[in-house]
Amino acid sequence: MRIPLGRLGRLCRLQPRRLLRLLRRRHRPHPASASARSAHPDQLPALVAVLDDAVAAQVPADLAVAACGEPGPLSRQTARACGEQSIALHRLCARLEALDLTDPDLVSARARAARLLAYDLWMLRESLDLAFTVHRDSRTEAARLRLNGLGRPADDLRRLRDDLRDGLRARSRIEVA
C-alpha cells in the first residue's frame, strides 16, 4: 500500500486513539451497492484470489519474522528471507491496489486487507531493524528475542479472506439455483 508521505506524516502526528478510530472507521454501503454487485460479478473472485495469495505469503513472512527472534547470531539467510518476503508483500499490496472495485463493501474489505498487509510489512521491517542493529544493547536484544511471528493481524487477514470466500460460495450457490 502506497501512502503519500504528506498523508503519512499527518497520520503519525495524530493521537493514538484518534488514529485507531480513523483506521477502524467503516464505510457505509451506498444504496446502489446491490446494482454495483450485479454489474461487476468478477470483483469478488478477483479480490479473493489476491487475498488467497496474501494469506499464502504470510506463512514464509511469519517464519522470517520468527527467525529474527531466534537466540544467538543470525545468518544472512534470515535477512535475505525478510527482504524477499517484504518484496512479495509489496507486490501483493500493489495487486490489491490495482483491483478495479466499485462495490462499496469490497472497497472497504480491500482497505482493511491493505492495512493488514501494511502491518505485515511493518513487522518485517521492525524485525530486521531489531535483528541487525548496529548498536546492540540489552533492551534491543530483549525486544528481538520476543519476536515470534506476525501475530493477530495475520489471523485477521485470514478471517477476512475466509469471510469473503464464504460470500463467494454463497453467491455461486444462489446463481446456480
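The structure presented is a predicted model; accordingly, all values stated were derived computationally and were not measured.

Trainee: Please clarify how the overall build of the protein should be interpreted in this entry.
Mentor: Each helix and strand counted, the protein has 8 helices and 0 strands in total. Within the protein, the fraction of its 177 residues that count as buried is 33%. Partitioning the intrachain contacts of the protein with sequence separation of at least 6 by distance along the chain shows that 83% fall at a separation of at least 24. For the protein, the accessible surface area stands at approximately 11,500 Å², while carbon and sulfur atoms represent 55% of it.

Trainee: Any chance you could explain the nonpolar core here in plain terms?
Mentor: In a soluble, globular protein the nonpolar side chains are often hidden away together inside. In terms of nonpolar packing, the biggest core is built from 35 residues, with L47, L51, L89, L96, L117, L157 and L164 touching the most fellow members. Broken down by secondary-structure element, the contributors of at least two residues to this core are helix 4 (43–68), helix 5 (76–98), helix 6 (104–131) and helix 8 (152–176). Apart from residues lying up to four places away in sequence, L51 is in contact with L96, A113, L157, L160, R161 and L164.

Trainee: Would you mind going over helix 7 (residues 138–145) with me for this structure?
Mentor: Given 3.6 residues per turn, any residue in an α-helix points the same way as the ones three and four places further on. Those residues of helix 7 that sit buried are T140, A143 and R144. The buried side chains of helix 7 occupy one side of the element, clustering within an arc of 100° when seen end-on. In helix 7, those exposed residues whose orientation departs by more than 90 degrees from the buried face are S138 and R139. Taken together, the buried residues of helix 7 touch helix 4 and helix 6.

What counts and what doesn't
- Residues numbered from 1 in each chain as written.
- Predicted model: local features only at pLDDT ≥ 70, side-chain atom pairs only at ≥ 80, totals over all residues.
- Heavy atoms only, no water.
- Helix = DSSP H or I, 4+ residues; strand = E, 2+ residues; numbered from the N terminus.
- Buried < 20%, exposed > 50% of the residue type's maximum accessible area, 1.4 Å probe, protein only.
- Contact = heavy atoms within 4.5 Å.
- Areas by Shrake-Rupley, 256 points an atom, 1.4 Å probe, with all protein chains shown as cover.
- Core = buried A, V, L, I, M, F, W, Y, C linked by side-chain atoms within 4.5 Å.
- Arc of directions from axis to C-beta.

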